[in-house]
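Overview (structure and organization)
Listed below are the residues making up each chain.
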Amino acid sequence: MFIKKSLTVAATLAAFGLSQSALAEKFDFSSSAKKADSVVVFQAGDEISPDLKRLDKQSQSQISAALKAADFSGKSKEIVELLAPAGLNAQRLIVVGLGEDAKLNAGDVNLVGANISAKLKSVKASDVQVFTQGVSDNVSNASFAAQLAHGINLRAYKFDKYLSKKRPSEKNYRMVVSQPNKAESRYEKLEAIEAGVFLARDLTSEVPTEMNPAHFAKAAKELKKLGVDVKVLTPKQIKKMGMGALHAVGRGSSEGSRLVVAHWKGSDDVPIALVGKGITFDSGGYNVKTGSSIANMKSDMAGAAAVLGTVKAMALQKAPVNVVAVMGMAANMVSKTSVAPGDVVMTAEGKSVEILNTDAEGRLVLADSLWYARKHYSPQVMIDVATLTGSKIRAVGNRYSAIFSDDDTLVTQLTASGKNVEEKLWRLPLAYGDMLKSPIADMTNLGSGGPGASTAAMFLKAFTGDTKWAHLDIAGNALTKSDKGVAQSGGTGHGVRLLSDWILTTQVK
Ligand code: BES
Ligand code: MN
Ligand code: ZN
C-alpha cells in the first residue's frame with residue numbers, strides 16, 4: 001500500500017506561508033481501498049467498470065436495479081446517488097456516467113471531477129473513496145485519477161473571505177488506482193497549476209479597494225519566495241521610460257499605474273513573454289460606464305492575474321522553461337486628474353494616440369506593456385491576455401475566448417491546449433486596422449464601430465514589432481455569477497490552465 005501524507009506542492013506552499021487555504025481537498029493515491037462514508041464508481045456508456053460490477057454483486061443487484069429505475073445509461077454528466085446502499089457499509093454510492101470512452105479527454109475528466117465535487121459539496125461525510133481502475137481504455141488509469149483529483153479540487157475552491165459562512169471543511173479523497181506513484185507524480189504538476197489558478201481567482205475576486213495596482217504588485221512580490229524575479233515600476237519610472245499610455249490610464253487614481261514583471265527563468269531558452277491587462281477597476285473614466293455591469297469591472301485585471309498565476313504554476317513545479325509575465329496595472333477612474341477624451345498621449349513605441357474614448361483603456365496599458373516585454377526580453381513569442389472588449393462577448397459569448405494572430409501554428413497550438421483543458425478558443429479576424437485613423441495623432445484608441453474586438457486587436461498589433469504574437473480576449477470568461485464547470489461563482493482563473501498546458505506541451509523537450 002502507498003500513501004504519502006503531504007504532497008510536494010502543498011509542502012512547498014506551506015514552507016513559504018503561501019495561500020495554503022486555497023488547496024482545498026486532501027487526496028491520497030493508493031492501490032488498496034479503505035473504509036469510507038462515500039464511494040464513487042464509473043460507467044462509460046454501456047461499459048460497466050469492474051468495481052461497479054463488484055459492488056453490484058455485493059449489493060445483490062440492488063445497485064443495478066436502482067440505476068435502471070433512474071434511467072441511468074452511463075452518458076456524460078449523468079450522476080446517480082444511492083443512499084445507504086445494501087451490502088456496502090457506506091452512507092452513499094455515487095455512480096457517474098462518462099459517456100463514450102473513445103471521446104474522453106483530460107478536460108472531460110476534469111469536468112467529471114467537478115461534478116463529483118459539486119454533488120458532495122453539502123454532504124457532511126468527509127471520507128470519499130473513488131474507484132478508478134478499469135474505468136477507461138482511452139485515458140490511462142494514472143492520468144484519469146490525477147485529472148479527476150484536479151477537477152475535484154478546482155471546483156472545491158471558493159472565495160469566501162467576505163462570507164460569514166465559510167466553505168465546508170475539507171474532504172479526504174482516497175483515489176484507488178493501479179499505479180499510485182505514477183498517478184501522484186502526475187497530480188503534483190496539476191496541483192502546481194491549481195495553485196496558479198487559485199492565485200488568479202483570489203486576485204480577480206478581491207474587491208477593487210483591496211486590489212489596486214499597488215496591492216497587485218505586492219501579491220506578485222510574494223512569488224519571490226519561489227525563485228521568481230519580480231520587478232515593479234512606479235508611475236514616475238513609467239513616465240520616465242516614455243510609457244505615456246500606461247501612465248495616462250492610471251492618472252486619475254490615487255495610487256497611479258504600475259508595471260509589474262515576474263520572471264521564472266527555469267531554462268536558458270529564449271524567453272516566452274506573457275502580457276496581461278491589469279485594470280483593477282474599470283469605471284470607464286470620463287466615458288463612464290452606465291448600468292449594472294460596472295460592478296463586474298473589478299475583474300478587469302483578470303488577464304494580469306492569469307499570466308501571474310501561470311508564472312506561479314511554472315515556478316512551483318520548477319518547470320524547465322523561461323517565462324516572463326509583464327503586467328500593465330492601473331485603475332481607470334474619474335477624477336480631476338483623469339485623462340480626458342480628446343487627449344493625445346505618447347507611447348514608448350513612439351506612436352502617438354488620440355484617446356477618443358477613455359473606456360478603451362485596456363489597449364493603452366497593453367501597448368506599453370507589449371513594448372516593454374519586447375524591448376527588455378526579446379522574447380521568442382508574446383501572448384497577451386486581456387478582458388478587452390464587450391464586442392468579443394457579442395461575437396463568441398463566454399463559453400469561448402477569442403484568439404487573434406497572424407501565426408497559424410501558434411493559433412493551432414493554443415487552440416489544441418484550449419481543448420485539452422476545456423478553455424476553448426475561437427479565432428477572430430486580425431483585420432480592420434484602417435478603422436483606427438486619427439486626424440491629429442498616429443492612431444486613435446477607438447475603432448469606428450463594427451468589429452470592435454478586431455480593431456482592439458489591431459491596435460495592439462501596432463506595438464508588437466516583428467515578434468511572434470497572439471492576443472487572447474477573455475472578456476466574459478474571468479468572472480462567473482453561477483457555479484459552472486470547474487469553478488464556483490467568482491473569479492475563474494481563466495487562462496492559467498490554457499497557458500500552462502501550452503507552455504508545458506510546446507516548450508519542454
Ligand atoms: N473592460 C472592458 C471590456 C469588458 C466588457 C470586459 C465586459 C468584460 C466584460 C473594456 O475596457 C471596455 O470598456 N471596452 C469597451 C471598448 C469601447 C469603448 C471601444 C467596450 O467593449 O465597450
Ligand atoms: Mn474600459
Ligand atoms: Zn477595461
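Within every chain, residues take consecutive numbers counted from 1 along the sequence as written. To read the labels, note that chains go from A and ligands from 1, taken in the order they are written. Only residues with pLDDT of at least 70 are given local features in this predicted model, and only at 80 or more are side-chain atom pairs given and counted; all residues enter the totals for whole chains, interfaces and linings. Excluding hydrogens and water, the side-chain figures rest on all heavy atoms present in the structure.

Considering the coordination of the zinc ion (ligand 3)
Going by this rule: Note that water is not among the atoms used; donors are N, O and S atoms within 2.8 Å of the metal (3.2 Å for Na, K and Ca), so sites may look incomplete. Key to geometry: four donors with every angle between 85 and 135 degrees are tetrahedral; four donors are square planar and six octahedral where opposite donors lie over 155 degrees apart and all remaining angles lie between 65 and 115; all other sites are irregular. Elements are defined by DSSP. Helices are runs of H or I of four residues or more, strands are runs of E of two residues or more, and each kind is numbered from the N terminus. Accessible area is worked out with a 1.4 Å probe on protein chains only. A residue is then buried under 20% of its type maximum, exposed over 50%, and partly exposed in between.
For the zinc ion (ligand 3), every protein donor is listed as Lys 277 (NZ), Asp 282 (OD), Asp 300 (OD) and Glu 361 (OE), and the spread of their distances is 2.0 to 2.4 Å. Relative to the metal, the six donor atoms surrounding the zinc ion (ligand 3) lie at angles of 78 to 173°, and the coordination shape comes out octahedral. Site description for the zinc ion (ligand 3): donor spacing in sequence, K-x4-D-x17-D-x60-E. The metal-metal distance between the zinc ion (ligand 3) and the manganese ion (ligand 2) comes to 3.2 Å, with Asp 282 coordinating both. Of this pair, Asp 282 sits in strand β10 (residues 272-282) while Glu 361 sits in the loop between β13 (352-354) and α11 (362-377), placing them 79 residues apart in sequence. Neither Asp 282 nor Glu 361 differs from the other in exposure class; each is buried.

Some points on the layout of surface pockets
Inclusion rule: Only protein atoms enter the calculation, which uses a 1 Å grid: trapped sets of points that fit a 1.4 Å probe without letting it out are cavities, open sets showing protein on both sides within 12 Å along at least five of seven lines are pockets, and any residue with an atom within 4 Å of a point is a lining residue. Grid points are joined across faces, edges and corners, and a volume is the space filled by probe spheres set on the points. Only Asp, Glu, Lys and Arg are considered charged, only Ala, Val, Leu, Ile, Met, Phe, Trp, Tyr, Cys and Pro nonpolar, and every remaining residue, Gly among them, polar.
Considered as a void within the structure, the largest pocket measures approximately 1200 Å³ in volume. Together, 49 residues line the largest pocket, and Lys 289, Met 297, Gly 390, Ile 393 and Ala 475 are the ones closest to its centre. Secondary-structure elements contributing two or more residues to the lining of the largest pocket are β10, α12 (390-396), α14 (452-461), β19 (479-480) and β20 (490-491). By residue number, the principal contributor to the lining of the largest pocket is α12, which donates four residues. Across the lining of the largest pocket, the residue classes break down as 13 nonpolar, 22 polar and 14 charged.

Some thoughts on the site of ligand 1
Heads up, the condition is: For this purpose, a residue is taken to be near a molecule or strand whenever a single non-hydrogen atom of the residue falls within 4 Å of it. Polar contacts here mean pairs of N or O atoms no more than 3.5 Å apart (in protein, one a potential hydrogen donor and the other a potential acceptor; neighbouring residues in sequence count only if both atoms are side-chain atoms). Each accessible area is a Shrake-Rupley estimate made with a 1.4 Å probe; only the visible protein chains count as cover when residues are assessed. Occupancy of a cavity or pocket is assigned to a molecule whenever over half of its atoms lie within 2 Å of that pocket's grid points.
If you check the shell around ligand 1, you find 16 residues, and the closest are Lys 289, Asp 300, Asp 359, Glu 361 and Gly 390. Gly 390 places a polar main-chain atom, nitrogen or oxygen, 2.6 Å from an oxygen atom of ligand 1. About the coverage of ligand 1: the protein hides 77% of its 520 Å² of free accessible area. Among the detected pockets, ligand 1 sits in the largest pocket. In terms of residue class, the shell around ligand 1 is made up of five nonpolar, four polar and seven charged.

Structural notes on helix α2 (residues 50-58)
Counted only if it meets this: By definition, the arc is the one covered by directions from the helix axis to the C-beta atoms. The criterion used for residue contact is that any of the two residues' heavy atoms lie within 4.5 Å.
Buried residues of α2: Asp 51, Leu 52, Leu 55 and Asp 56, and no others. All buried residues of α2 lie within an arc of 135° about the axis, which places them on one face of the element. In α2, those exposed residues whose orientation departs by more than 90 degrees from the buried face are Lys 53 and Lys 57. Packed against the buried residues of α2 are β2 (38-44), β3 (47-48), α3 (62-69), β5 (92-97) and β6 (127-131). Looking one or two residues beyond α2, the residue adopting positive phi is Gln 60, at roughly 55°.

Comments concerning the packing of aromatic side chains
So the rule is basically this: The criterion for an aromatic pair is that two Phe, Tyr or Trp rings (for Trp, the six-membered ring) have centres within 6.5 Å, with stacked assigned to planes under 30 degrees apart, edge-to-face to planes over 60 apart and tilted to the rest. For a Lys NZ or an Arg CZ to count as sitting over a ring, it must be within 6 Å of the ring centre and within 35 degrees of the ring normal.
Summed over all chains, the structure comprises eight aromatic pairs. Both rings, one in Phe 42 and one in Phe 144, keep their centres 5.2 Å apart while their planes meet at 85°; by these two values the pair is edge-to-face. Of this pair, Phe 42 sits in strand β2 while Phe 144 is found in helix α5 (residues 141-156), placing the two residues 102 residues apart along the sequence. By relative accessible area, Phe 42 is classed as buried at 0%. Given the relative accessible area of 1%, Phe 144 is considered buried. Note on Phe 159 and Tyr 162: the rings are 6.2 Å apart at their centroids and 55° apart in plane angle, and the pair reads as tilted. Taken together, the ring pairs in this structure connect Phe 27, Phe 29, Tyr 173 and Tyr 187 into an aromatic cluster. In this structure, Arg 54 packs its charged tip against the face of Phe 131, placed 5.0 Å from the ring centre. For the cation-ring pair, Lys 351 lies above Phe 463, with the distance from its terminal atom to the ring centre recorded as 5.8 Å.

So, the coordination of the manganese ion (ligand 2)
When a metal carries six donors in an octahedron, the ideal angles between them are 90 or 180 degrees, while four donors in a tetrahedron ideally lie at 109.5 degrees. Here the manganese ion (ligand 2) is held by Asp 282 (OD), Asp 359 (O), Asp 359 (OD) and Glu 361 (OE), and the distances to it run 2.1 to 2.2 Å. Classification of the site at the manganese ion (ligand 2) as irregular follows from its six donor atoms and the range of 70 to 168° in their angles at the metal. Of note, the donors binding the manganese ion (ligand 2) are all from one chain and are spaced D-x76-D-x1-E.

Observations concerning the domain arrangement of the protein chain
Applicable threshold: The source of the domain bounds is an automatic or database domain assignment.
What the domain assignment lists for the protein chain is domain 1 (2-197) and domain 2 (206-387 + 459-477). On a C-alpha basis, the centroid separation for the pair domain 1 and domain 2 is 38 Å.

Some thoughts on a nonpolar patch on the surface
To keep things clear, this is the line we draw: Here the term patch refers to residues with relative accessible area over 30% and no salt bridge, with like charges joined within 9 Å and nonpolar side chains (Val, Leu, Ile, Met, Phe, Trp, Tyr) within 5 Å. Each reported salt bridge corresponds to a side-chain nitrogen of Lys or Arg within 4 Å of a carboxyl oxygen of Asp or Glu.
Taken together, the side chains of Tyr 286, Val 288 and Val 334 present a nonpolar region at the surface, about 270 Å² in accessible area. Along the polypeptide, Val 334 turns up in the loop between β11 (322-332) and β12 (344-346).

What to know about the sheet that holds strand β8 (residues 229-233)
Just so we agree on the cut-off: What makes two strands pair is DSSP finding at least two bridges between them. Axis definition: a line fitted to C-alpha atoms, limited for helices to the stretch in contact. Angles are taken between N-to-C directions and run from 0 to 180 degrees.
Pairing in this open sheet of eight strands is mixed, and the strands run β8-β9-β11-β10-β14-β18-β15-β16 from one edge to the other. Bordering the open sheet on either side are β8 and β16 (425-427), each of which pairs with just one other strand. On average, each strand axis in the sheet is inclined to that of its neighbour by 20°, with strand direction left out of account. In the sheet, strand β14 (residues 381-386) pairs with strand β18 (residues 468-473) via six bridges, with the strands oriented parallel. Bridge pairing links Ala 386 to Asp 473 in β18. The strands that helix α15 (residues 496-507) touches are β10, β11, β14, β16 and β18; relative to β10, the one it contacts most, it runs at about 175°.

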